[in-house]
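Reading the structure
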Amino acid sequence: MSCYELKRFTPEEVTKQAIRRKVWHCLEKNDLAHFPRPVYGRIPNFKGSPEAAQKLSELDIFKGAYTIKVTPDKPQEAVRFLVLEARKNLLVPIPSLRSGLLLHVVPPSDASKQELKVAATQQGSEQWGKPVGLDAKVKVDLIVLGSVAVSKEGYRVGKGEGYADLEFAMMMKMGAVDQNTVIAATVHDCQVFETLPSQLFKENDVPVDFIITPTQVIEVNPRLPRPSGINWSLLSERRLNDIPILQTLRDAEMCEGKDCTLKEVDSDVGEHPRASGHGYRRNRFRRRHGIPKSPQSEKGVEGPQLSVIDGEDIQNKRPFRRPRPAARKQTSSTPKHGYGKEVNKDENVTGNITKKEQHRPARPRQRPGIEFSLKVGNIASNVRVRDLKAALAERGIKPTDITWRGHRGFAFLHFAKAGGSRNTVSSAPIAVDSIVASLQDLRVGTEGGEDFLKIEPAKPITRIEVTDISSV
């Protein structure tokens, strides 16, 4: 099945959300994406993203760039690593623009390849990133975007939250980009369309100039115009409150005498509201499968919605809901807080107590005391704790607990005392050296090129977060 099947619909029937659903369904049905899954509502982490990143790094637009801005999405992680490895300036947007616009990722000058891989992750960007303000004098030579769908004409469809468009508009205001700044997108081949209806796209939508897939490089010719600034009439007061840097920019433009009138109706709600409460959980199934609440939920896009994907009516599906327990009946002989105990005026408490009423919460199980710990270093960023556990099991090593810091490139293995209680003293010393020796030349990962893990006795530390090995 190919995502190109969307072209069987007429332009009047196609919406941006219909295109997103089609691509997400294609990637899921054909298993074309890595973690995180499912891909619905995300910039999909498509299989082959490292190959697409490598193709991009071989282009002149990459080699000649001095400062490159890359989105923080997972499929562009390999691009961010190659930018750092080439010792170029890497700019990464702050997720959801919650505390600013950009971070300049500056790892140590003597950082190893493994440390650069960590710096390319979202956690690494936050660790080594330095904020870039609106008044910073910066010039971006290349922008690399994540996308849900792109066309060979240069049109781009994101996940629907509009952050990439806002970022470009704000950088335009800073003077960091202009109409000649090159914009590229790395995607899977099935995310590329020959054409997309031009009426779906507005002047605030950011286009692309180059499309790089694991198998091909597509240069858009002629290039589409890009946004010249922020169109305030498309933003609401709520959006302004969610992104403080927008308020700062609006105040500056109002001082310049520009019209910064916001739209009256709040309709620019993101695809994934970060809110708590029953309403958010209740509509999780609809958001996951891209099902609108009503035909009017496609803001700014006209045309009926698609309810059938490859003959499958997903609107008729309903998520399983656990039935609520029946409320406890209150009787005249049952006190408000008696839980079934019969109360007599002349006596204290009489009558039988049910097994449920006799139940008491079980005491938490005490973990055995820790005799010693080992530090495991040189862990690749794509390794998970389950991978390390499997590799240890092959060597016959089973630690009691694991403190996992894989995103920072290390972990701690904790081994229990012989007695079993944390307060007991081991009756015989445990041979630390023998365990270290048995873990030499240990590798974790699917590819053969990973470096060996570095195993060494750990210094005494205060453990804050410990992963119970039995729960991994």
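Above this text is the structure in question.
These notes cover the structure that comes with them. (Residues numbered from 1 in each chain as written. Predicted model: local features only at pLDDT ≥ 70, side-chain atom pairs only at ≥ 80, totals over all residues. Heavy atoms only, no water.)

Let's talk about the packing of aromatic side chains
Filter applied, for reference: Between 30 and 60 degrees the pair is tilted, below 30 it is stacked and above 60 it is edge-to-face, where a pair is any two Phe, Tyr or Trp rings, Trp via its six-membered ring, whose centres lie within 6.5 Å. A run of H or I in DSSP counts as a helix once it spans at least four residues, and a run of E counts as a strand once it spans at least two, with each numbered from the N terminus. Partly exposed residues are those whose accessible area sits between 20% and 50% of the maximum for their type, while under 20% is buried and over 50% is exposed, using a 1.4 Å probe and protein chains only. Two conditions define a charge located above a ring, namely a distance within 6 Å from the ring centre to NZ of Lys or CZ of Arg, and an angle within 35 degrees of the ring normal.
Inspection of every chain in the model, using the stated rule, returns 4 aromatic pairs. Taking 6.3 Å as the distance between ring centres and 75° as the angle between the ring planes, the aromatic pair formed by Trp 24 and Tyr 40 counts as edge-to-face. Of this pair, Trp 24 sits in helix α1 (residues 16-29) while Tyr 40 sits in the loop between α1 and α2 (49-57); the two residues are 16 residues apart in sequence, bridging distant segments of the chain. On the accessibility criterion, Trp 24 (1% relative accessible area) is buried. Centroid distance Phe 410 to Phe 412: 5.8 Å. Interplanar angle 75°. Geometry classified as edge-to-face. The exposure classification of Phe 410 matches that of Phe 412, with both residues buried. Over the face of the ring belonging to Phe 62 we find Lys 88, whose NZ or CZ atom lies 5.6 Å from the ring centre. Positioned above the aromatic ring of Phe 410 is the side chain of Lys 375, whose terminal nitrogen or guanidinium carbon lies 5.1 Å from the ring centre.

Description of the sheet that holds strand β7 (residues 156-157)
Strand pairing in a sheet relies on backbone hydrogen bonds. The paired strands run either parallel or antiparallel. The criterion, for reference: Paired strands, in this sense, are two strands between which DSSP finds at least two bridges.
Pairing in this open sheet of 3 strands is mixed, and the strands run β7-β6-β9 from one edge to the other. Since the sheet does not close on itself, it has two edges, and those belong to β7 and β9 (192-193), each with one partner. Looking at chain direction, strand β6 (residues 149-151) and β7 are connected through 2 bridges and run antiparallel. For Ala 149, the partnering residue across the bridge sits in β7 and is Val 157.

Focus: the nonpolar core
Heads up, the rule is: Throughout, nonpolar core names a set of buried Ala, Val, Leu, Ile, Met, Phe, Trp, Tyr and Cys residues whose side chains join them through atoms within 4.5 Å. Whether two residues are in contact is decided by their heavy atoms, any of which lying within 4.5 Å being enough.
Judged by nonpolar contacts, the single largest core of 37 residues is most densely connected at Leu 101, Ile 143, Met 170, Met 171, Ile 230, Trp 232 and Leu 246. Of all elements in the fold, only β5 (142-145), α7 (163-174), β8 (182-186) and α9 (244-255) reach the threshold of two or more residues within this core. A per-element tally of this core places α7 first, with 8 residues. Other than its neighbours up to four places away in sequence, Leu 101 contacts Val 92, Pro 93, Ile 94, Leu 134, Glu 167, Met 170, Met 171, Met 174 and Ile 245. Listed in part, the 30 residues of the second largest apolar core include Ile 61, Leu 90, Val 182 and Ile 212.

Section: the sheet that holds strand β11 (residues 217-219)
Test applied: Fitted lines through C-alpha atoms serve as axes, helices being fitted only where they are in contact, and the angles separating the N-to-C directions of these axes extend from 0 to 180 degrees.
Here we have 8 strands laid out as an open sheet, ordered β4-β3-β2-β1-β5-β8-β10-β11, and mixed in their pairing. If you trace the sheet from one side to the other, it starts and ends with β4 (129-132) and β11, each paired once. Between one strand and the next, the sheet's axes are offset by a mean angle of 25°, whatever the strand orientation. Of the pairings in the sheet, the one linking strand β1 (residues 67-70) to strand β2 (residues 89-93) comprises 3 bridges and is parallel in character. Its bridge partner lying in β2, Lys 69 is registered against Leu 91. Contacts from helix α4 (residues 77-85) reach β1, β2, β3 (102-105), β5 and β8, with the element oriented near 150° to β2.

Describing α9
Spelled out, the test is: By this rule the span expected of a helix is its residue count minus one, scaled by 1.5 Å. Picture the helix axis, draw a direction to every C-beta atom, and the arc is the one those directions span.
With 12 residues, α9 should cover 16 Å at 1.5 Å per step; its first-to-last C-alpha distance of 17 Å lies within 8% of that length. The complete set of buried residues in α9 reads Ile 245, Leu 246, Leu 249, Arg 250 and Glu 253. Buried positions in α9, seen along its axis, are confined to an arc of 140° and lie on one side of it. Structurally, α9 contributes buried residues whose contacts are with α7 and α8 (237-242). Where α9 ends, the next residue or the one after it, Gly 257, has phi of about 85°, a positive value.

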